[in-house]
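Observations on the model geometry
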Amino acid sequence: MTIVNQSKLKAQGGGVAQAAPSSLQSGSAPGRVEVTPILPAEPEKPPIIVPSFPTGVLPAAVQHLVEAGAEALNCAPDLIALPTLAVLAVGIGTLRKVEVKPGWEEMGRLYVAVVAEPGSAKSPALALATAPVHAAQAEFQAGGGRQIVSTDSTVEALSLVLQSNQRGILYQQDELS
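Residues numbered from 1 in each chain as written. Predicted model: local features only at pLDDT ≥ 70, side-chain atom pairs only at ≥ 80, totals over all residues. Heavy atoms only, no water.

Observations concerning the overall build of the protein
Keep this limit in mind: Think of it this way: any DSSP run of H or I at least four residues long counts as a helix, any run of E at least two long counts as a strand, and we number them from the N terminus. Accessibility here uses a 1.4 Å probe with only protein chains present; expressed as a share of the type maximum, an area under 20% marks a residue as buried, one over 50% as exposed, and anything in between as partly exposed. Whether two residues are in contact is decided by their heavy atoms, any of which lying within 4.5 Å being enough.
The number of helices and strands found in the protein is five helices and six strands. Secondary structure elements of the protein, listed N to C terminal, follow the sequence α-β-β-α-α-β-β-α-β-α-β. Here the protein holds 177 residues, and the buried ones make up 24% of them. Long-range contacts, defined as pairs at least 24 residues apart, comprise 45% of the intrachain contacts of the protein with a sequence gap of at least 6.

As for the pattern of salt bridges
What counts, and what does not: Note on definitions: salt bridges are taken to be side-chain nitrogens of Lys or Arg within 4 Å of carboxyl oxygens of Asp or Glu.
What the rule picks out here adds up to two salt bridges. Taking the shortest distance from any N to any O, the salt bridge between Lys 97 and Glu 105 comes out at 3.9 Å.

Structural notes on the environment of Ala 121
Turning to its location among the elements, Ala 121 is positioned in the loop between strand E4 (104-107) and helix H4 (122-142). According to the relative accessible area criterion, Ala 121 is buried, its value standing at 17%. For Ala 121 and Ala 76, which are 45 residues apart along the polypeptide, the C-alpha to C-alpha distance reads 8.7 Å. Those residues in contact with Ala 121, other than ones at most four positions away along the chain, are Leu 73, Cys 75 and Leu 79.

Brief notes about the nonpolar core
This is how the line gets drawn: As used here, the term nonpolar core means buried Ala, Val, Leu, Ile, Met, Phe, Trp, Tyr and Cys residues forming a set that is joined through side-chain atoms within 4.5 Å.
Of all hydrophobic cores here, the largest spans 12 residues; its members are Phe 53, Leu 58, Val 62, Val 66, Ala 70, Cys 75, Leu 79, Ile 80, Ala 81, Ala 121, Ala 125 and Ala 129. Those elements that place two or more of their residues in this core are helix H2 (60-73), helix H3 (78-92) and H4. Filtering out sequence-adjacent residues up to four positions away, Phe 53 remains in contact with Leu 58, Asp 78, Ala 81, Leu 82 and Leu 85. Counting seven residues, the second largest nonpolar core, distinct from the first, contains Val 87, Val 133, Val 149 and Leu 170.

Focus: H3
Basically, it comes down to this: Here, expected helix span is obtained from the residue count minus one, scaled by 1.5 Å.
Taking 1.5 Å as the rise per residue, H3 with 15 residues should run 21 Å; its terminal C-alpha atoms sit 21 Å apart, in good agreement. Taken residue by residue, H3 has Leu 79, Ile 80, Ala 81, Pro 83, Thr 84, Ala 86, Val 87, Ala 89 and Val 90 as its buried positions. Where H3 is buried, its residues contact H2, H4 and strand E6 (170-171). Just beyond H3, the residue with positive phi is Gly 93, at close to 55 degrees.

Observations concerning the side chain of Thr 55
Mapped onto the secondary structure, Thr 55 falls in the loop between strand E2 (35-37) and H2. Excluding anything up to four places from it in sequence, Thr 55 contacts Gln 63, Val 66, Glu 67 and Pro 77.

Notes on the pairing of strand E3 (residues 97-101)
To be explicit about the condition: By this definition, two strands are paired if DSSP reports at least two bridges between them.
Within E3, only zero of the five residues are buried, which leaves the element largely exposed. In this structure, E3 lies alongside E4, joined through four bridges in antiparallel fashion. Its bridge partner lying in E4, Val 98 is registered against Glu 106. The loop that links E3 with its antiparallel partner E4 comprises two residues; one of these, Gly 103, has a positive phi angle of about 90 degrees.

Side note on the confidence of the model for the protein
Atomic detail in the predicted coordinates should be set aside for any region of low pLDDT. Worth spelling out the cut-off: Per-residue confidence from the prediction method is given by pLDDT, with values spanning 0 to 100.
Averaged over every residue, the pLDDT of the protein is 81; residues scoring 70 or more account for 82%. Looking across the protein, the model is least confident in helix H1 (residues 6-11), with a mean pLDDT of 41, and most confident in H2, with 96. Counted against residues more than four places away or in other chains, residues 1-25, with its pLDDT under 50, gives 38 contacts.

A look at the side chain of Ser 150
To keep things clear, this is the line we draw: Polar contacts here mean pairs of N or O atoms no more than 3.5 Å apart (in protein, one a potential hydrogen donor and the other a potential acceptor; neighbouring residues in sequence count only if both atoms are side-chain atoms).
Structurally, Ser 150 is set in strand E5 (residues 149-150). A relative accessible area of 5% means that Ser 150 is categorised as buried. Within the structure, Ser 150 has its side chain in polar contact with the backbone nitrogen of Asp 152 (distance 3.2 Å). Once residues lying within four places of it in the same chain are set aside, the contact partners of Ser 150 are Leu 158, Ile 169, Leu 170, Tyr 171 and Gln 172.

Some thoughts on unusual backbone geometry
Positive phi is not limited to glycine here, since Asn 74 has a value of about 55 degrees. Mapped onto the secondary structure, Asn 74 falls in the loop between H2 and H3. A relative accessible area of 70% means that Asn 74 is categorised as exposed. One non-glycine residue, Ala 121, lies in the positive phi region at around 75 degrees.

Next comes the structure, spelled out in structure tokens:
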């Protein structure tokens, strides 16, 4: 009978274990074998190389916002540019349509998700990118106007907001789950 010391395995990081006769300790209980884990070397993962966001294709004012914001927040321009594109799409809303082919029209809908490592300034970048639409929201609501931003994803809440705003809204979440 072999008894494996599970706590020792856990303390040493788990992994594949191998028992060896040389691991018998003098004075240990008969039949008890201390097991030393043999961990395979983890292969090195190649770095993921992502091309930079092409800020040069943005309108001049938006390009300045993205580049200056990225420098100020010390983050990738993508973290500001992508939510900014979503804000611009909200500005277009349902006012303009593109005829993809005869009989098939699409409006300015854009679905954006920013995925990055913790601590990469996602939340401050999102706040910077959406600040103009939040300012407009405050003005509209002060004047009794329509809602253009929502953070409530329930069907009931969104259906009420969309009924009163046929142009569309910005649905904003800081965390995806």
